[in-house]
Every structure is written in structure tokens, then in C-alpha cells.
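Summary of the model geometry
Residue strings, one per chain:
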Amino acid sequence: MSRSWASFAGIFIVTNLGLLAVGATLAVLPHYVKDNLNGSDLEVGIVSGAFAFTGIVCRPIAGNLADTRGRKPTVIVGALLAAIAGALYFVPAGIPGLIVARFFLGAGEGTVFTAGSAWNVDMAPEENRGRMIGLYGLAIWTGLTLGPPIGVLLQHAGGFHLVWAFAAGAPLLGAVIASRLPEQYEPTEESARGPFISREALGPGVTFALSVFGFAAVSAFIVLSLDQRGIGHGPAVFSVFAATVVATRLLAGGLPDRIGPARCAVGAALIETAGLVLVGAAEDLTVVIAGAIGMGAAFSLLFPSLSLVAVNRVGPERRGKAMGTFTAAFDLGMLVGSPLVGAAAAIAGYSAAFYVAAAAALACATLSAAMARQEEARPAAQIV
């Protein structure tokens, strides 16, 4: 067991290094585009979000490679792609060059996280899969939390080039670490069979995508909405939400294993629904914070719960495809949810964005309940 935890720590560090690079560049790119390249606000948005397009495309590809070529080689390739992205920031090709660099970053990080997720599940004891999936997901949250202040410090210390060097060096170090980690999984002939997309993971993936609408609403409108209502403290409320996500993963990450992943997802989605309604309707800070805590706890449990539903439906030879299909659901939720809640805010005010997200969370609970009934009706022998 200690060896499994050591390997888990290694994969966590590899993924976290890549996400630190993502966070570091996110903090400084807007100023670089505006001040150094004379870009517009639209171009800032395009550069910042460009990585999501290759991310959603490359996750299923990475899952297929992880099954057919192995987890370790796929993680190394992904880390090297992310390192190339950092190196491309040095190329004086203007905004088009930055967009190309961000495409490489999306491909790299999508590949690392997808193959790393399958690698993590391979090592996890069956009774602790949900907890291990949840803990691995913290590599993203800690990277995106610590990366921005690192980027700002590096920019002040040595300019943008020092940030670019970190963005190239961190994932490169991750590739070196990954090359030294043991891998138990061995591809078989069965790994290459079956469809490119995991049909087993489509249902859990779409269900999870609905829960991401809430994250899209909070990310985009929590500050503006609270300022308009005279409550303020939007950044602090978002910090409470993010801290609750981390704390719940650490303290209650075993819930999907203990009560069943689909049943856990039902409860979490209902709590997210209530939290979003509170955030949208509150007139004082205490109620907003209560809603943010509920949302954070719920969102924290939904990813490991629904991904566990997905991986439990397939054998080891298709875990990569399942995780590739499932993890693309977060990108799908952001790509669909962000403009949807934005349209609601434009038509009916900021609170409407949270109410639309609450309706999506309620739909997530409904679909999760259907999966829970399927799990209860399925003979134990059919569950991998």
C-alpha cells in the first residue's frame, strides 16, 4: 500500500507541475496581450481560453493512447507537449503565436490528466477508488490556486521571460519524474478494440457537465452579482468556495466508496442546487457564504462520484477511454454552460445566471438518481 501511495504522489506531482504552469501564465497573459502586444479585450479572451478547444479534443485521444500504448508513455508525451507550449511563448509571433502555444498547452494538460487519471485508478484498491480519484483531482485545484501568485512573483522578479521559462521547465520536470515511476498496466490486444469514445462514460459525463454550469456561473458572476446587490466580498466568497472543495476532498473524499457513487452524486447535486439558489437570492453575506460552502462541498464530491460510475462500468483495458470521455465533460460543461449563464445574466440579471445553473444541477440530480437505480438493479457480478 505504501508503494501505491508513493506512486500516487509521483503522478500527483507530475500533474500539479503542469497545472502550476497553467496558473502562472493565466495570471500574466492578459497584461502581456494588452500591454506588450496591444491586443483587445476580445483577443485576451481568445488567448486565455484557446487551450480549452484542444483540451476537449485531445482527452479522448489521450484515453485511447493510454489504453493502447500505456499510461506512462502517454503522460510523458502530454508533459512534453505542455513544455513545448512554454517554449513557444518565447517565439515573437504575436497573438497568433500565443494561440498556437495555448493549443499545445491544452493538448498537453488534457493528455496528462486523462492518462494520469487512468494510471491512478489502476493503482487504487477497489474500496478506495473514489477517494483516490478525488485526491488526484486536487492536483488541478492546487495548481490553479498556487500558479497565479507564482506567475506574478516571477514577472516582478525577471519579467515575462522568466514566467515563460517556468511554464516550459515545470512540465519538463514532470516528464522526467513520470519516466521514473513504475507502471503496472500492460496493454493487450483487447485495449485496441471497441469504439474510440467510451459509451459507458457518456451518461456520467453528460451528468457531470450539467453540474459544471454552477462553476461557470460562480466564476463569471459572483463578483459582479454581489457588488450589484451591495453585498461585496466576491473574491472572498470564491475563495470560500475553492477552500471548501479542497477540504471536502480531504475530509469526506471516501463518501462515494462508502455509500455508492451514484447515490453520493444525487445528494451532492441537490446540495449544489440549494447552494446556487442561496447565492442567487441572498441579501446578506452570511447567506451567500452558506451557499458557497454548500456549492463547494457538492462540486467537490460530484467529480469523483460520477467518474467512479464511469470507470466501474469498464475493465482495466478501457479505463483510459472512459476517463478520456469523462474528463472532457468538464470542458463541455464550461463551453456550453458559460454562454448559457451569460445569456441568462444579460436577459434577466446576474441572479438569473445562478438560477439557470441551479436548474442544470437539479437535472444532474435527476440523471444521477436514474444511475443509482440502475446500479441497485444490476447484479454484483456485472460490476467490474
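Scoring rules and cut-offs
Residues numbered from 1 in each chain as written. Predicted model: local features only at pLDDT ≥ 70, side-chain atom pairs only at ≥ 80, totals over all residues. Heavy atoms only, no water. Salt bridge = Lys/Arg side-chain N within 4 Å of Asp/Glu carboxyl O. Helix = DSSP H or I, 4+ residues; strand = E, 2+ residues; numbered from the N terminus. Buried < 20%, exposed > 50% of the residue type's maximum accessible area, 1.4 Å probe, protein only. Patch = residues over 30% accessible without salt bridge, like charges linked within 9 Å, V, L, I, M, F, W, Y side chains within 5 Å. Areas by Shrake-Rupley, 256 points an atom, 1.4 Å probe, with all protein chains shown as cover.

A short note on the pattern of salt bridges
What the rule picks out here adds up to six salt bridges. Linking R59 and D331 is a salt bridge whose minimum nitrogen-to-oxygen distance equals 2.6 Å. Pair noted here: R59 is in helix 2 (residues 41-68) and D331 is in helix 12 (residues 319-348), with a separation of 272 residues, a long-range link. Here R59 matches D331 in class, with each residue buried. Note that D67 and R71 form a salt bridge whose closest N and O atoms lie 2.7 Å from each other. With respect to class, D67 is no different from R71; both count as buried. By sharing partners, the salt bridges in this structure join D67, R71, D122, R319 and K321 into a single network.

Re a nonpolar patch on the surface
Where nonpolar side chains cluster on the molecular surface, the patch consists of F53, F103, L332, L335 and V336 and spans about 420 Å² of accessible area. Per element, the largest residue contribution to the nonpolar patch is three residues, and it comes from helix 12. With respect to the helices and strands, the residue L332 is situated in helix 12. With a relative accessible area of 37%, L332 lands in the partly exposed category.

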